[in-house]
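# Observations on the three-dimensional arrangement
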Amino acid sequence: MSILCQNLTFNYSKRKSNSRLFEEFGFELNNNETKCIYGGTGSGKTTLFNLLFGEMKPNKGKILIDNVPLNKDKKLFDKVAFLFQELEKQFVFPSIRDEYNFLINHSNENAITQNINELCKIFNVKIEAFFHKDIYELSRGELRLLQVIFSFSAETKYLILDEPADHLEKILREKLFDLIKSTNNKGILILTKYHKLYETVADESIPINAKYA
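Here's a quick rundown of the structure. None of the values given here were measured: they were computed from a predicted structure.

### Overview of the nonpolar core
- I116, I127 and F152 are the most contacted members of the largest nonpolar core, which totals 38 residues.
- Listing elements by their share of this core, those giving two or more residues are β6 (80-83), α3 (96-105), α4 (109-122), α5 (140-153), β7 (158-162), α6 (170-182) and β8 (187-192).
- A total of seven residues in this core trace back to one element, the largest contributor, which is α5.
- Among residues more than four places away in sequence, those in contact with I116 are Y100, I104, I127, I149, F150 and S153.
- C5, L48, L70 and I208 belong to the second largest nonpolar core, which has 26 residues in total.

This is the structure in structure tokens:
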């Protein structure tokens, strides 16, 4: 079982050949490995994220989640958790308390609560300390940390992380890297322009602007 992308091609404009971001790009992510897809600004990382999220569609190629075409998978978010590069886009509610309640009430409450508590211990924070605040009152580092905690707490087989270490202090980055290395029951896909940052945690690094077989 895996996330499989085959022969993905994406153009922003069918009329302009120079609008193509990537062509015949592919990879496979099994649910027990970590892969890093990297490229510079404008290489198509965010577009790939949006394709995997189902927000956009490729011009050619296919995306399969456990052998089910993405566009037909009604249980995508039961299988895959996402961490957005854009901080505010992660949250359904501005209130952290409301976001927390939403997360635990829309899945296995006991498991999610336990996962969040364990992750808070790893990062040495208390989730209750954020309950009286909303996302507009928190620093970018605090928001990123909450993104990491909420994403990793999900009872999913896969994690797709867009620049997950951005905005984190060095000590929290190291804790994140340790968390990724110790998470051996999920497939983790990291999208980044800083692939050397993840050399110690990724089983494989793939450039997005090159054909891969």
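Back to the text.
### Notes on the sheet that holds β7
- Here we have five strands laid out as an open sheet, ordered β6-β7-β8-β3-β9, and parallel in their pairing. The open sheet is flanked by β6 and β9 (204-207), the only strands paired with a single partner. Between one strand and the next, the sheet's axes are offset by a mean angle of 15°, whatever the strand orientation.
- Against the sheet, α5 contacts β6, β7 and β8, and its axis sits at roughly 175° relative to β6.

### As for the side chain of K79
- The residue K79 is located in helix α2 (residues 76-79) in this model.
- Within polar-contact distance, the side chain of K79 engages the side chain of D73 at 3.0 Å.
- For K79, the residues in contact, after removing those within four places along its chain, are I65, D66, V68, D73, T156, K157 and Y158.

### Here we look at the packing of α5 against α6
- The contact between α5 and α6 brings their axes to 12 Å, and the two run at 15°. By the angle between their directions, the pair α5 and α6 is classed as roughly parallel. α5 and α6 meet at a crossing whose hand is left-handed. Every residue of α6 that contacts α5 at L145, V148 and F152 is listed here: L172, L176, L179 and I180.

About the criteria used
Residues numbered from 1 in each chain as written. Predicted model: local features only at pLDDT ≥ 70, side-chain atom pairs only at ≥ 80, totals over all residues. Heavy atoms only, no water. Core = buried A, V, L, I, M, F, W, Y, C linked by side-chain atoms within 4.5 Å. Buried < 20%, exposed > 50% of the residue type's maximum accessible area, 1.4 Å probe, protein only. Helix = DSSP H or I, 4+ residues; strand = E, 2+ residues; numbered from the N terminus. Contact = heavy atoms within 4.5 Å. Pairing = 2+ DSSP bridges. Axes fitted to C-alpha atoms, helices over the stretch in contact; angles between N-to-C directions. Polar contact = N/O pair within 3.5 Å; in protein donor to acceptor, adjacent residues only side chain to side chain. Parallel < 35°, antiparallel > 145°, perpendicular 65-115°, else oblique. Left-handed = near helix turned anticlockwise from the far one by under 90°.

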